[in-house]
Amino acid sequence: MGSDFFISYTSVDDPWAQWIAVELEAAGYSTVLQAWDFTPGTDFLHEMHKAAKSAQRTVAVLSPDYFGSAFSEAEWRAAFAKDPSGELGLLVPVRVRDCEPPGLLATRVWVDLVGAREPEARDRLLTGVDRNRPRPTSAVFPGEQPPSGSVDQSRAPFPGPRDDPVAGASAPQRPASPRAILLALALTAALAVSCCSSVLKDTPEVKSSFPVENGIRPAGANDEEVLNTTIATLQACSQVKALSPVHCPQSVDDKITSDVEDVQWRLHGDPKDGALIRYNGEEGRFHVLGTAVMTVSYKEMRGLPRLKLRVVHYWARVEWADSRAKVIEIRRFDDSPKPSTAKRNPNLSEDALRALVRAAFERCASVKSSPMPPECPTGKAPVTSDRAIWTLKGNPTINAQATFDPPSGLIHVVGNYTLTVEYNAFLIGHTSQQEGGEYDATISVDNSKPVVLRIQRKES
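What comes next is a walk through the structure. What you are looking at is a predicted structure, and each value in this text was computed from that prediction instead of being measured.

What counts as what
Residues numbered from 1 in each chain as written. Predicted model: local features only at pLDDT ≥ 70, side-chain atom pairs only at ≥ 80, totals over all residues. Heavy atoms only, no water. Pairing = 2+ DSSP bridges. Helix = DSSP H or I, 4+ residues; strand = E, 2+ residues; numbered from the N terminus. Contact = heavy atoms within 4.5 Å. Axes fitted to C-alpha atoms, helices over the stretch in contact; angles between N-to-C directions. Parallel < 35°, antiparallel > 145°, perpendicular 65-115°, else oblique. Left-handed = near helix turned anticlockwise from the far one by under 90°. Phe/Tyr/Trp six-rings, centres within 6.5 Å; stacked < 30°, edge-to-face > 60°. Disulfide = S-S within 2.5 Å. Buried < 20%, exposed > 50% of the residue type's maximum accessible area, 1.4 Å probe, protein only.

This brings us to the sheet that holds strand S1 (residues 5-8). In sheet architecture, strand pairing relies on hydrogen bonds along the backbone and comes in two forms, parallel and antiparallel. Strand order in the open sheet formed by five strands is S2-S1-S3-S4-S5, and the pairing between neighbours is parallel. Sheet topology places strand S2 (31-32) and strand S5 (111-112) at the edges, where each strand pairs with a single neighbour. Alignment of strand S4 (residues 91-95) against S5, held across two bridges, turns out to be parallel. In the strand pairing of S5, Val94 is matched with Val111. Strands in contact with helix H1 (residues 14-26) are S1, S2, strand S3 (57-62) and S4; relative to S1, the strand with the most contacts, it is inclined by about 165°.

Written out as structure tokens, the structure reads:
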């Protein structure tokens, strides 16, 4: 038997699709999700056909981008054909962004997550997919409530003494006490603060300069080619032998950007992951926003090697002409606020990460000079010697902890290390020095393989 749900979505709504899949699986359902289950080397159309055919039900993640995707339409139509009347609930539309479903989808009742906070959104989703949910047995009466103190005529009158005044009689009025006056003043002040807070909340929210989807997309245009063309341009930027190449999003802002040599940029991770694609009909171009991790190695004028790591927020403007995409501009996105381009957690095991970091430390300790290469930890006052022997003391990964950073897609392993270096000092002879402290090892997953990009000594 196939999975419970096939999640149908477009790449722009990948964060929503993953959230929906996680919540469904946490509730005991099984799901098929392109981001998780369509592995490299498989045929996309075959996997999509197999998932749509075998899954018992389909969740359609509705947004303006969803209705512009031919693949998405094919996916929801396959579920629609199995249940044209909707009586079986085989197609479950889930609206995640403001939109009006067109055509045959317009009559389907959807699960609306627009504007809902997470607990409410989770409840709406799980309630919406539950075909056997119990009917409520009570509800708040929406009509007029009886006035306070009125007698319920359907019940026998209470024969004993009443706490409220007899009908028609006026209750004696007591003068307000000083304590009551103070309480009234405090309540007035609280109401004034509440009103001011409401005014502040109504202040218009600052919007990002990254455009929202608008207009009609060019015929034949698709997100995949637009994104692939953008990444190809980004890869071309990584081949430029300059610290701050023009017409590219990456740069090194150090004071010394000239008189350097052997500049080499490298692109890491998956710059496609989490990328947003919007078509701006007013401009007639696609806009692509994403995050890339890049390192640059170079030598300063004195021959000292350097390594810098940059998390690059790139923004590309792409034209669609003659049935192909063309990047008109790619630059760094430095506006605020920045829409989320969070990346997926590769979920590597702690043991694998520790082994990776320990191997990197051992490579650093195997060098025969000081200071060590720039990807290795360096003390505050490193020894300079072309003949040095490094020794790693103990296991630097004992009690080390790993954390994943969704905005960059990087993994950080933090722990403690100790190294000693032996060398010959002028006028002193053979001597040794110890350095160590807390370190931060930065790991990227490049082409499905985890790689330690650098290990930095954390300053106390």
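Time to look at the packing of helix H3 (residues 44-54) against helix H4 (residues 70-82). The packing of two helices is summarised by the inter-axis angle and the distance between the axes. Running from N to C, H3 and H4 point in directions that differ by 25°, and their axes come no closer than 10 Å. Of the possible angle classes, the one that applies to H3 and H4 is roughly parallel. The handedness of the crossing between H3 and H4 comes out as right-handed. Contacts between H3 and H4 involve Phe44, Leu45, Met48, Ala52 and Lys53 from the first element and Phe71, Glu75, Ala78 and Lys82 from the second.

Here we come to the packing of aromatic side chains. Given two aromatic rings, one states the distance between the centres and the angle between the planes to describe the pair. Across all of its chains, the model carries 10 aromatic pairs by this definition. Between the aromatic rings of Tyr417 and Tyr439, the centroid separation amounts to 6.3 Å while the plane-to-plane angle is 70°, which identifies the pairing as edge-to-face. Highlighted residues: Tyr417 in strand S13 (residues 410-425) and Tyr439 in strand S14 (residues 429-446), separated in sequence by 22 residues. An aromatic cluster of at least three residues, connected via ring pairs, comprises Phe210, Trp315 and Phe333.

Cysteine pairs can be linked by a disulfide, which is a covalent bond between their two sulfur atoms. Counting across every chain of the model gives two disulfides. Between the sulfur atoms of Cys237 and its disulfide mate Cys248 the distance is 2.2 Å. Because the sign of the S-S torsion sets the handedness, a value of about -90° for the bond joining Cys237 and Cys248 places this disulfide among the left-handed ones. With Cys237 in helix H7 (residues 223-237) and Cys248 in the loop between H7 and strand S6 (261-268), this pair connects stretches of sequence that are 11 residues apart. Note on accessibility: Cys237 and Cys248 belong to one class, buried. Should the bonded cysteines of the chain be numbered as they appear in the sequence, the pairing reads 1-2, 3-4.

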